[in-house]
Amino acid sequence: MVSVKRVVLDVLKPHQPNALEFSMALAKVGTDYCVRLNVIEVDESTETLQIEIEGNDIDFEAIQSTISDMGASLHSIDEVEVQSEIQGN
Amino acid sequence: MSLLKQAKFLLSITRSHDIVRRYFVVNGFDGALTMLGLIIGFLVSAPTDTSIIINVCLGAAIALGMSGVSSAYVSETAERRHALGKLEDAMISDLQDSAHGKAVHWVSLWIALVNGFAPLIISLLILTPLWLSKAGLSLPISPLYAAIMVALILIFLLGVFLGRIAGISWVRSGIQTLLIAVLTSVLIYLFAGH
């Protein structure tokens, strides 16, 4: 079994919800997610973000869905850290 | 997400709290002044049966409520669709299924309900003495005067509410709105009383 431990995403979002609300919504997707959000660029109506999420087993589809629900769009996955686990007998 | 949390989230991302507050005060004031005008109109006219006064005022209150709901919903939806279109252009993506897309309908509906129910509820409160009198309860003063008193108190409270929002003296703000009501009453008396 392979679990996603860390992802770094390039995301474009509207100004609202703000960075704090946005990162809190992402953190709520899992029980042990740690979210770091950097605002890279601010335009008239949008913000470009770099979001780093760390967790024991990140549910990437749920993350993607939350990003879309908040009106943002995922541009690229910039970094990934995955780990395989030894299956028990 | 619970319905209340969802509503708070949608109001937050659309920054609509102040719009809701503004609609509440503007249309609540509308309702209170309309009832005040009608009641003073009845007061300076030939004596009329209480049930007729209640029916006329209730008709106006319902019309104010319906007008508030429908006009706010239509205009807010149009404005929000326009804003969503601009945001979609900036994002280069379809936002209909996002919180911003849902807010077009739900936030407009919430604003419309506040806009409609504010004058309706305030009007119904002003009519309370008339209902009590019709139900056979004896009031210390004439029901029409009691209704005017209720209207003036509610108008004063709307002023107090505005004062607290603005962070200025609530007494001063309450007296300001009360003066508007008194001026309205004097104008009605001058034009309709003779």
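Overview of the structure. (Residues numbered from 1 in each chain as written. Chains lettered and ligands numbered in written order. Predicted model: local features only at pLDDT ≥ 70, side-chain atom pairs only at ≥ 80, totals over all residues. Heavy atoms only, no water.)

1. Quick look at a negative patch on the surface
Residue and element names in this part refer to chain A. A contiguous patch of negative charge on the surface is contributed by D32, D57, D59, E61 and E85. Position of E85 relative to the elements: it lies in the segment after β4 (73-84). For E85, a relative accessible area of 38% puts it in the partly exposed group. (Patch = residues over 30% accessible without salt bridge, like charges linked within 9 Å, V, L, I, M, F, W, Y side chains within 5 Å. Areas by Shrake-Rupley, 256 points an atom, 1.4 Å probe, with all protein chains shown as cover. Salt bridge = Lys/Arg side-chain N within 4 Å of Asp/Glu carboxyl O. Lys, Arg positive; Asp, Glu negative; His and termini not counted. Charge placed at Lys NZ, Arg CZ, Asp CG, Glu CD. Helix = DSSP H or I, 4+ residues; strand = E, 2+ residues; numbered from the N terminus. Buried < 20%, exposed > 50% of the residue type's maximum accessible area, 1.4 Å probe, protein only.)

2. Description of helix α2 (residues 60-69) of chain A
Residue and element names in this part refer to chain A. Taken together, the buried positions of α2 are occupied by I63, T66 and I67. Axial view of α2: buried residues confined to an arc of 100°, hence all on one face. Its buried side turned inward, α2 meets β1 (2-14), α1 (19-27), β3 (46-54) and β4. In the stretch just after α2, G71 is the one whose phi turns positive, near 80°. (Arc of directions from axis to C-beta. Contact = heavy atoms within 4.5 Å.)

3. Topic: the pairing of β1(A)
Residue and element names in this part refer to chain A. With respect to burial, β1 is a largely interior element, eleven of its 13 residues being buried. Here β1 runs beside β4; their pairing, made up of ten bridges, is antiparallel. In the sheet register, R6 faces β4, and the bridge partner there is E81. (Pairing = 2+ DSSP bridges.)

In short, geometric facts, not functional conclusions.
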